[in-house]
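Tertiary structure, described
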Amino acid sequence: EPEVTQTPSHQVTQMGQEVILRCVPISNHLYFYWYRQILGQKVEFLVSFYNNEISEKSEIFDDQFSVERPDGSNFTLKIRSTKLEDSAMYFCASSEYRLNTEAFFGQGTRLTVV
Amino acid sequence: AQKVTQAQTEISVVEKEDVTLDCVYETRDTTYYLFWYKQPPSGELVFLIRRNSFDEQNEISGRYSWNFQKSTSSFNFTITASQVVDSAVYFCALSTSGEKGAQKLVFGQGTRLTINP
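Counting restarts for each chain, with residues numbered from 1 along the sequence as it is written. The order in which chains are written sets their letters, starting at A; the order in which ligands are written sets their numbers, starting at 1. The model is predicted, so local features are restricted to residues of pLDDT at least 70 and side-chain atom pairs to those at 80 or more, both for listing and for counting; the totals for chains, interfaces and linings are taken over all residues. Values shown for side chains rest on all heavy atoms present in the structure; no hydrogens or waters enter the calculation.

Some words on the pairing of strand β8 (residues 64-69) of chain B
Residue and element names in this part refer to chain B. Paired strands are those between which DSSP finds at least two bridges. Elements are defined by DSSP. Helices are runs of H or I of four residues or more, strands are runs of E of two residues or more, and each kind is numbered from the N terminus. Where strand β7 (residues 59-61) lies against β8, 3 bridges are found, and the strand directions are antiparallel. By the bridge assignment, Ser61 is partnered in β8 with Tyr64. Between β7 and β8, which pair antiparallel one after the other, the connecting turn spans 2 residues, and Gly62 there sits at a positive phi close to 65°. Bridge count for β8 against strand β9 (residues 74-79) is 6 bridges, and the pairing is antiparallel. Bridge pairing in β9 places Gln69 opposite Ser74. Count of turn residues in the β8/β9 antiparallel hairpin: 4 residues, of which Ser73 carries a positive phi of about 50°.

Here it is in structure tokens:
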């Protein structure tokens, strides 16, 4: 069964460092997303991406964040200068269409900023 | 604004009991989708069900059933004859069309369900 794959599963980084979280969405999906879950809290939308551009971003997704689809398969989230409060589980998701299909989530990358 | 409320933060039951997880949502959209996701201790989000705003039929899948009531803006989830493996955090989510039509899921706070043997 096709699945969304995220690497790494856990990343520890020092405050101020740049991190890149990687995702391989399901191959025939057109919409890509990043969500964030701070430990013990709800899952929050960060950004959606379609047709090689950002469709929507939340207020969390400030200038420190960027997304890219560098080739036909990968979808990345970059945090330029990490802060302690960026520590969270980051989920990548993809969906085939817009509203009427479910988003399939990857297993998540746990980012710890020390 | 869209909002999902899961008022039950934690539920603990004994195995084989039935348990219902509540979900209330707010939206001004006429077309929307509701979802339930399961997050086991391993951390991934597992899709359970999708329901669109025009389909108020209840759904049953094995021990799981869902009751969608548009009149009360609720989409409740019942597990019958619960098992220890059902222990997880369960999230209700509302899908709305964001700018440029991309889907955007708004999640509730989640309900931590513990099934005790």
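Quick notes on the packing of aromatic side chains
The rule is short: rings of Phe, Tyr and Trp, with Trp giving its six-membered ring, pair when the centres are within 6.5 Å, and they are stacked under 30 degrees, edge-to-face over 60, tilted in between. The full count for this structure, using the stated rule, is 26 aromatic pairs over all chains. The interplanar angle of 85° and the centroid separation of 5.2 Å between the aromatic rings of Phe105(A) and Tyr37(B) together place this pair among those described as edge-to-face. Residue Phe105(A) is found in strand β10 (residues 104-105), and its partner Tyr37(B) is found in strand β5 (residues 33-39); the two belong to separate chains. Grouping residues by exposure puts Phe105(A) and Tyr37(B) together as buried. We call a residue buried when its accessible area falls under 20% of the maximum for its residue type, exposed when it is over 50%, and partly exposed in between, using a 1.4 Å probe and counting protein chains only.

Some details on the nonpolar core
By size, the foremost hydrophobic cluster in this structure holds 24 residues, and its most contacted members are Trp36(B), Phe75(B), Phe77(B) and Tyr90(B). Buried Ala, Val, Leu, Ile, Met, Phe, Trp, Tyr and Cys residues form a nonpolar core when they are joined through side-chain atoms within 4.5 Å. Formed by 22 residues, the second largest nonpolar core is a distinct cluster that contains Cys23(A), Leu46(A), Phe49(A) and Tyr90(A).

Considerations on the state of the cysteines
Cysteine sulfurs are considered disulfide-paired once they come within 2.5 Å of each other. Taken as a whole and assessed by the stated rule, the structure comprises 2 disulfides over all chains. There is a disulfide in this structure between Cys23(A) and Cys92(A), and the S-S distance comes to 1.9 Å. One disulfide, between Cys23(A) and Cys92(A), carries an S-S torsion of -65° and so falls in the left-handed class. You can see Cys23(A) sitting in strand β3 (residues 19-24) and its partner Cys92(A) sitting in strand β9 (residues 88-95), a full 69 residues away along the chain. For the residue pair Cys23(A) and Cys92(A), the accessibility class agrees, reading buried in each case. There is a disulfide in this structure between Cys23(B) and Cys92(B), and the S-S distance comes to 1.9 Å. When the S-S torsion is -65°, as for the bridge of Cys23(B) with Cys92(B), the disulfide is left-handed. Of the two residues, Cys23(B) is situated in the loop between β3 (19-21) and β4 (24-26) and Cys92(B) in strand β10 (residues 88-97); the sequence distance between them amounts to 69 residues. Accessibility expressed as a relative area gives 0% for Cys92(B), which makes it buried.

That's the geometry; what it means functionally is another story.
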